[in-house]
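Coordinates in review
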Amino acid sequence: MEAQDCSAEEYFVQRKVLDELSLDEVAQKGTWSTKPTVGEQVKEALRCSVPRLKQTVQKWIPVLSWLPRYSFRENAIGDLVSGCSVGIMHLPQGMAYALLASLRPVFGLYTSLFPVLVYFIFGTSRHISIGTFAVISIMIGSVTERLAPDSNFIVNGTNSTGSVDIDARDAHRVQIACSLTVLAGIFQILLGLVKFGFVVTYLSEPLVRGYTTGSACHVCVSQLKYLFGVTPTRFSGPLALIYTLVDICRLLPETKVPELVVSLVALSVLIVVKEVNACYRQKLPLPIPIELIVIIAATIITHFCGLPDTYNIDVVGEIPSGLKPPRAPDSTLFSKVIGDAFAVAIVGYAINISLGKTFALKHGYKVDSNQELIALGLSNTVGSFFQCYSVTSSLSRSLVQESTGGKTQVAGLVSSIIVLVTILKLGSLFEDLPKAVLSTIVFVNLKGMFMQFMDLPMLWKTNKVDLLVWLVTFTSTILLNLDLGLAVSIGFSMLTVIFRTQLPRYSILGQVSGTDLYLDIDSYREAKEIPGIKIFRSSTTIYYTNAEMYLEALQEKSGIDVGKLLMAKKKKDTKLKREQEEAQKKAKKEAKRQKKAVSHLSNGTFSLKEEKDSAGQKGQSQESGVALSTTLSSENGLGKGQENLAYRHDTESDSDSETGCNKSITQASHDCDDERGKACGSCTHSIILDISTTSFVDTVTVKTLKNIFRDFGEIDAEVYLAGCQACVVEQLDTAGFFSESIPKSRLFVTVHDAVLHILKRLRRTDFVLDVPCSTKL
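Residues numbered from 1 in each chain as written. Predicted model: local features only at pLDDT ≥ 70, side-chain atom pairs only at ≥ 80, totals over all residues. Heavy atoms only, no water.

Considering a positive patch on the surface
Judged by side-chain charge, K585, K588, K589, K592 and K596 come together as a positively charged surface patch. Tracing the sequence through the fold places K588 in helix α24 (residues 562-606). When its relative accessible area of 58% is taken as the criterion, K588 is described as exposed. (Patch = residues over 30% accessible without salt bridge, like charges linked within 9 Å, V, L, I, M, F, W, Y side chains within 5 Å. Areas by Shrake-Rupley, 256 points an atom, 1.4 Å probe, with all protein chains shown as cover. Salt bridge = Lys/Arg side-chain N within 4 Å of Asp/Glu carboxyl O. Lys, Arg positive; Asp, Glu negative; His and termini not counted. Charge placed at Lys NZ, Arg CZ, Asp CG, Glu CD. Helix = DSSP H or I, 4+ residues; strand = E, 2+ residues; numbered from the N terminus. Buried < 20%, exposed > 50% of the residue type's maximum accessible area, 1.4 Å probe, protein only.)

Below, the structure written as structure tokens:
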């Protein structure tokens, strides 16, 4: 078979030049509307039927749509194995992350149980694992420590000599965490009901990754006190992380060596075995549950060796067995945590939906962003009544759930059963677990977040703006804490978007010879400008923030300073008017002088003496007749407004200079003197604005375009629009843009249509070969 040469592919297009009016006629633009009216929408919303009711219920409760079709043969084994693996991870991570929230470990187990059951019913992602997460936990912990510091619970003395009422402090912190959680859940439910799931699109990937990396640093510093066995001073507000780190370094001489040894041993074992899991994940049927093994081993060694009594090692303490009855959160705390609750709601949802969409794309199913927002909100709201704190999906647990064969949310149900059994029967066995071991589990699970520092070299090569967003987010999170850091990073990210639209790339387009391609002349060598025609394009939408810069860039790129040209034209008109007025005044004075001369001459003629001879008298009469005839002729000529010879000379000079510009098309567009020629740089008679990148127009844009048509029209330059989208044409029409001075015939489908129209209108024949009507590529 003979191979085809792709370079030989070509096509020919032959059609009429289409402006907006011709396009409406050829394409048969309709005036009908496919959008239903408000009445039809209300009628459709109120329509009730059994299929519609079933569809609505399944939409709000997704478990009813997929659970009846659940295939035990295909999914049961994978979900069972995956659920057991994730459940085993829930136990150590739940207890460890509870310490980040400044709560007792048992509340981390509660958080790993109830929200998971709620998400099983209302969630749409099949692979994410809902529960405790380091970033959310540290955000909760910053609020609980701020509103319930140790200094508020001193008994039997002052801050320096008294002891802390730990039970009262922990109970109040649980109330704060539950109040914050229910408020965050309400925010998420409300945003989901109003279809506000798209809000997460404003949190770009560099922002989320920079924020989670900064949060990981907060988590790391908060766990150092357990590793070294020290008690640093609690700081809040900006630079709290720096102050805490400095205080921990100051307390290093007071390190408890036994706790440091326990931490280092547990950390070493966890790192080694996790690396083995990573290296042999393809060969191992299940990852080694090293976290659970370390917890069990550390609890046994601590209990039977009496480490708490001998070396004063800090342990978890009492873990009550059984479940506590539901209790409503304290609503009086809402006003104190409302800002933190909104931040937790947004961050939790952003992490959740990003993981959910990642797995959905990989496995070929759809995640409903609004339903995910509602499901997460219900998980938080319901969980808060059972003394749970805010949840989101965990990357490490989700990866384990997906890699071990989990295919549906049944895996989450299995994991919650394991956590339930632990709470009911096994919780009290972990009372002698050292807190240092839990902190090492947190450290090891931060590896994935710290690996995000590898984004920096990649972003440096690909996108400097995204790199700047990442760095600003990370720095603000470190220096300003989690709440202010999030606000600053979102604000900066929005500013980058605004700056990108305010500072677009403006280009003058040139034609690639023999084609209908019009490209940036600064980027393509073969793109050549068509003499007398400037084609201008912006790389972004024209709206109120960049409309003025658009006009300035148009004048700069085209080399036409409208202001100077209008001023020069005004000066020229004023000068000509003044010269004409002076000429008229001079003519009037001359006429008056001539009249006086005629009158004096007539009087002198009648006073001649009769004794003169007839011959002399006849000669004088002839001379007088000649003078009188000349005077009257001159007077009559000026009275009729005969052409000023001086002004006529200037006009002829202008006409000569115009003829010298052999690239000009019409006399009207090139009636320019030497001053105007220097200002223009070239005789430009037509300007085409390529607005194909504009997706909408506002009132400022409409006014700017009107001013462009008016100002350039005053200097005899015709302006055309090309590539205007249908929605933009409708917006322009609604805004009253079109008029007798700006008809729709100034709008063309493509730049090529506009160019052909201009050349045909000006009867140019020297570009027929370069700009063919039949285009060949």
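Here's the deal with the pairing of strand β11 (residues 718-722)
Here β11 lies mainly inside the structure; four of its five residues are buried. Taken together, the five bridges between strand β10 (residues 686-690) and β11 define a ladder with parallel strand orientation. Bridge pairing links L689 to L721 in β11. A crossover connection joins β10 to the parallel β11 through helix α28 (residues 699-714); in handedness this β-α-β unit is right-handed. Between the parallel pair β11 and strand β12 (residues 747-748), the chain is carried across by helix α29 (residues 726-734), and the sense of this crossover is right-handed. (Pairing = 2+ DSSP bridges. Right-handed = clockwise from strand over helix to strand, strands pointing away.)

Some points on a nonpolar patch on the surface
A contiguous nonpolar patch, built from W60, I186, L190, L193, V194, F196, F198 and Y202 and spanning about 740 Å² of accessible area, is present on the exposed surface. A total of three residues in the nonpolar patch trace back to one element, the largest contributor, which is helix α9 (residues 166-193). Relative to the helices and strands, V194 is located in the loop between α9 and α10 (205-228).

Here's the deal with helix α11 (residues 240-250)
For α11, the full list of buried residues reads A240, L241, T244, D247 and I248. Along the axis of α11, the buried residues cluster in a sector spanning 130°; they form a single face. α11 presents V246 and R250 as exposed residues on the side facing more than 90 degrees away from its buried surface. Tucked inside the fold, the buried residues of α11 contact α10 and α22 (464-502). (Arc of directions from axis to C-beta. Contact = heavy atoms within 4.5 Å.)

Remarks on the pattern of salt bridges
Side chains carrying opposite charge are able to pair once their charged atoms draw close together. Scanning all chains against the criterion turns up 22 salt bridges. Among the salt bridges present, the one from D340 reaches R146, with a minimum N-O distance of 2.9 Å. Here D340, found in helix α15 (residues 334-363), pairs with R146, found in helix α8 (residues 134-147); they are 194 residues apart in sequence, far enough to count as distant. A salt bridge links D314 to K435, with the nearest nitrogen and oxygen atoms 3.7 Å apart. A residue pair is termed long-range when its members are at least 10 positions apart, and D314 in the loop between α14 (307-311) and α15 and K435 in helix α19 (residues 435-445) qualify at 121 residues. Taken together, the salt bridges that share partners define one network made up of R104, D150, D167, R169, D170 and R173.

Observations concerning the packing of aromatic side chains
Counted under the stated rule, the structure contains 18 aromatic pairs. Site record: aromatic cluster; members linked through ring pairs are F450, F453, W470 and F474. Stacked on the ring of W460, the Lys or Arg K464 has its end atom at 4.6 Å from the ring centre. For the cation-ring pair, R746 lies above Y720, with the distance from its terminal atom to the ring centre recorded as 5.5 Å. (Phe/Tyr/Trp six-rings, centres within 6.5 Å; stacked < 30°, edge-to-face > 60°. Lys NZ or Arg CZ within 6 Å of the ring centre and 35° of its normal.)

Some details on the confidence of the model for the protein
Of the residues in the protein, 85% have a pLDDT of 70 or more, and the chain-wide mean is 82. When the criterion is pLDDT under 50, residues 1-6 qualifies, and its contacts beyond four places in sequence or with other chains add up to zero contacts. Contacts from residues 617-682, a stretch scored under 50 in pLDDT, to residues over four places away or in other chains number 56 contacts. (pLDDT = per-residue confidence, 0-100.)

Section: α9
Along its 28 residues, α9 runs 40 Å from first to last C-alpha, staying within 8% of the 40 Å computed at 1.5 Å per residue. In the segment just after α9, K195 is the residue with positive phi, at about 60°. (Expected span 1.5 Å × (residues − 1).)

So, the packing of helix α12 (residues 257-279) against α19
Running from N to C, α12 and α19 cross one another at 35°; their axes reach a closest spacing of 9 Å. Considering how the two elements wind past one another, α12 and α19 form a crossing that is right-handed. Together, E259, V262, S263, A266, L267, L270, I271 and K274 of α12 and A436, V437, T440, I441, F443, V444 and N445 of α19 make up the contact between the two elements. Per-class residue counts for the contact of α12 with α19 are ten nonpolar, three polar and two charged. (Axes fitted to C-alpha atoms, helices over the stretch in contact; angles between N-to-C directions. Left-handed = near helix turned anticlockwise from the far one by under 90°. Nonpolar A, V, L, I, M, F, W, Y, C, P; charged D, E, K, R; others polar.)

With respect to unusual backbone geometry
Positive phi is not limited to glycine here, since L239 has a value of about 65°. For L239, the position within the fold is in the loop between α10 and α11. Residue classification places L239 among the partly exposed positions, given a relative accessible area of 33%. Positive phi, normally seen in glycine, also occurs at Q387, with a value near 60°. The exposure class of Q387 is buried, given its relative accessible area of 10%.

Quick word on the packing of helix α5 (residues 72-100) against helix α13 (residues 290-305)
Two elements in contact, α5 and α13, have axes separated by 8 Å at closest approach and are oriented at 60°. Considered as vectors, α5 and α13 are oriented oblique to each other. For the pair α5 and α13, the sense of crossing is left-handed. Only E291, L292 and I295 of α13 make contact with α5, whose side of the interface consists of I88, M89, L91, P92, Q93 and M95. Its residues assigned to classes, the contact of α5 with α13 comprises seven nonpolar, one polar and one charged. (Parallel < 35°, antiparallel > 145°, perpendicular 65-115°, else oblique.)

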